[in-house]
Amino acid sequence: MEFLNSIIQGDCRQVLQTFPSLSVDLVVTDPPYLVNYRDRSGRTVKNDGGETGILSAFSDMYRVLKPNSICVSFYGWNRADEFFKAWREAGFRPVAHIVWKKDYTSKAAFVQYRHEQAYVLAKGNPQLPAKPIEDVQPWAYSGNRAHPTEKAVSILQPIIRSFSRPGAIVLDPFSGSGSTAVAAALCGRSYVGVELEADYCAHARTRLAGAAKYAVRKPT
Ligand SMILES: C[S@@+](CC[C@H](N)C(=O)[O-])C[C@H]1O[C@@H](n2cnc3c(N)ncnc32)[C@H](O)[C@@H]1O
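Here's what I pulled together on the structure shown here. (Residues numbered from 1 in each chain as written. Predicted model: local features only at pLDDT ≥ 70, side-chain atom pairs only at ≥ 80, totals over all residues. Heavy atoms only, no water.)

### Here we look at the packing of aromatic side chains
One pass over the full model with this rule turns up 13 aromatic pairs. Pairing Tyr104 with Tyr141 gives two aromatic rings, centres 5.5 Å apart and planes at 70 degrees, and the pair type is edge-to-face. Taken as a pair, Tyr104 in the loop between β4 (93-101) and β5 (107-108) and Tyr141 in the loop between β8 (136-138) and α4 (153-163) lie far apart in primary sequence, 37 residues in all. Owing to a relative accessible area of 24%, Tyr104 belongs among the partly exposed residues under this scheme. The rings of Phe58, Tyr75, Phe83, Phe84, Trp87 and Tyr119 are connected pair by pair, giving a single aromatic cluster. A cation sits over an aromatic face here: Lys102 above Trp139, 5.2 Å from the ring centre. Over the face of the ring belonging to Tyr62 we find Lys123, whose NZ or CZ atom lies 4.8 Å from the ring centre. (Phe/Tyr/Trp six-rings, centres within 6.5 Å; stacked < 30°, edge-to-face > 60°. Helix = DSSP H or I, 4+ residues; strand = E, 2+ residues; numbered from the N terminus. Buried < 20%, exposed > 50% of the residue type's maximum accessible area, 1.4 Å probe, protein only. Lys NZ or Arg CZ within 6 Å of the ring centre and 35° of its normal.)

Have a look at this one:
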């Protein structure tokens, strides 16, 4: 695959259309939660408003995934209806749900917000993992230095190990600061990241310069 072990700048809805069908082993992605997020210093996330247009990218994620494979997608709990609609329209079947438990409160409203969440979505009938991970996982705070919603590499590695084999190609079409790609490289997988914002792409490439030596360049 031409884009193996690279971070591509662009809108994933267009970029993914240039990828061949049935070419990716695993998708792990953290799309905008569609919640108008703004952190304490005023940083926001592109395409995180009310519009659900970016969710159409799941159709191409489904197309580029190999048969009988997995997509793990974080999502905003209060936009679950829209995420579910997009996943089902794309062809995905929810097969598990993962919660990461935080040991701090990120926001308080009706309750204290102390978790993040992702669905495990199947294309076809993937093999069960030899040793399934627990569906409640410990959260690790990334520090959000490079990106307002940066995921810690350490929370992504167990997912990548569980749902792919060494040498697999892992795609993140909303790659932000490149956490999924770094985690994939550190797990001995190949990666492809797509990100709209040039600054985040540059940051991801810098991070990957240190981690890329672990990535498999020619998957078998
Ligand atoms: C929730 S953040 C991902 C953060 C990432 N997991 C990390 O650890 O840094 C979602 C990212 O999707 C990007 N984005 C939004 N719309 C996009 C699009 N149409 N194509 C590609 N990237 C997009 C945003 O710029 C943002 O960096």
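### Details of the pairing of strand β2 (residues 24-29)
Of all 6 residues making up β2, 5 are buried, and the element is well covered by its neighbours. Looking at chain direction, β2 and strand β3 (residues 65-74) are connected through 5 bridges and run parallel. Counterpart to Val27 in the pairing with β3 is Cys71. This β-α-β element, β2 to helix α2 (residues 57-64) to β3, shows right-handed connectivity. Bridging between β2 and strand β9 (residues 169-172) involves 2 bridges; their strand directions are parallel. Across the sheet, the residue bridging to Val27 is Leu171, located in β9. (Pairing = 2+ DSSP bridges. Right-handed = clockwise from strand over helix to strand, strands pointing away.)

### Details of the nonpolar core
The biggest cluster of nonpolar side chains holds 34 residues, and the ones touching the most others in it are Val28, Val72, Trp100, Ile160 and Tyr191. In terms of residues, this core owes the most to one element, α4, which gives 6 residues. Not counting chain neighbours up to four residues away, the residues in contact with Tyr191 comprise Phe3, Leu4, Asn5, Ser6, Val170, Ala181, Ala184, Ala185, Leu208, Ala212 and Ala215. (Core = buried A, V, L, I, M, F, W, Y, C linked by side-chain atoms within 4.5 Å. Contact = heavy atoms within 4.5 Å.)

### Quick word on the site of the ligand
Near the ligand there are 25 residues, and of these Asp30, His147, Ser177, Ser179 and Glu195 occur at the shortest range. Backbone polar atom of Cys12 to a nitrogen atom of the ligand: 2.9 Å apart, as the coordinates give it. One of the side-chain nitrogen or oxygen atoms of His147 is found 2.7 Å away from an oxygen atom of the ligand. For the ligand, whose free accessible area comes to 600 Å², the fraction covered by protein is 99%. Here the residues of the shell around the ligand sort into 9 nonpolar, 8 polar and 8 charged. (Near = heavy atom within 4 Å. Polar contact = N/O pair within 3.5 Å; in protein donor to acceptor, adjacent residues only side chain to side chain. Areas by Shrake-Rupley, 256 points an atom, 1.4 Å probe, with all protein chains shown as cover. Nonpolar A, V, L, I, M, F, W, Y, C, P; charged D, E, K, R; others polar.)

### Overview of the environment of Ala198
Looking at the element boundaries, Ala198 is found in helix α6 (residues 198-211). Along the backbone, Ala198 and Lys123 are 75 residues apart, and their C-alpha atoms lie at a distance of 31 Å.

### Topic: the pattern of salt bridges
Within this structure, the stated rule accounts for 10 salt bridges. The partner of Asp30 in a salt bridge is Lys151, and the shortest N-O contact between them spans 3.0 Å. Here the residue Asp30 occupies a position in the loop between β2 and α2, and Lys151 occupies one in the loop between β8 and α4, the gap between them amounting to 121 residues. Under the relative-accessibility criterion, Asp30 is labelled buried at 16%. (Salt bridge = Lys/Arg side-chain N within 4 Å of Asp/Glu carboxyl O.)

### Some points on α2
All buried positions along α2 are accounted for by Ala57, Phe58, Asp60, Met61 and Val64. Taken end-on, α2 shows its buried residues confined to a sector of 160 degrees, consistent with a single buried face. The inward-facing, buried residues of α2 contact α1 (12-15), β2, β3, α3 (80-90) and β9. (Arc of directions from axis to C-beta.)

### Regarding the sheet that holds β3
The mixed open sheet is built from 8 strands, whose spatial order is β1-β10-β9-β2-β3-β7-β4-β8. Edge positions in the open sheet fall to β1 (6-9) and β8, since each of these has one partner strand only. Across the sheet, the mean angle from the axis of one strand to that of its neighbour is 20 degrees, orientation sign disregarded. In the packing of α3 onto the sheet, the strands contacted are β3, β4 and β7 (115-123), and the crossing angle to β7 comes to about 15 degrees. Sheet strands in contact with α6 are β1 and β10 (190-195), and its direction is about 175 degrees off that of β1. (Axes fitted to C-alpha atoms, helices over the stretch in contact; angles between N-to-C directions.)

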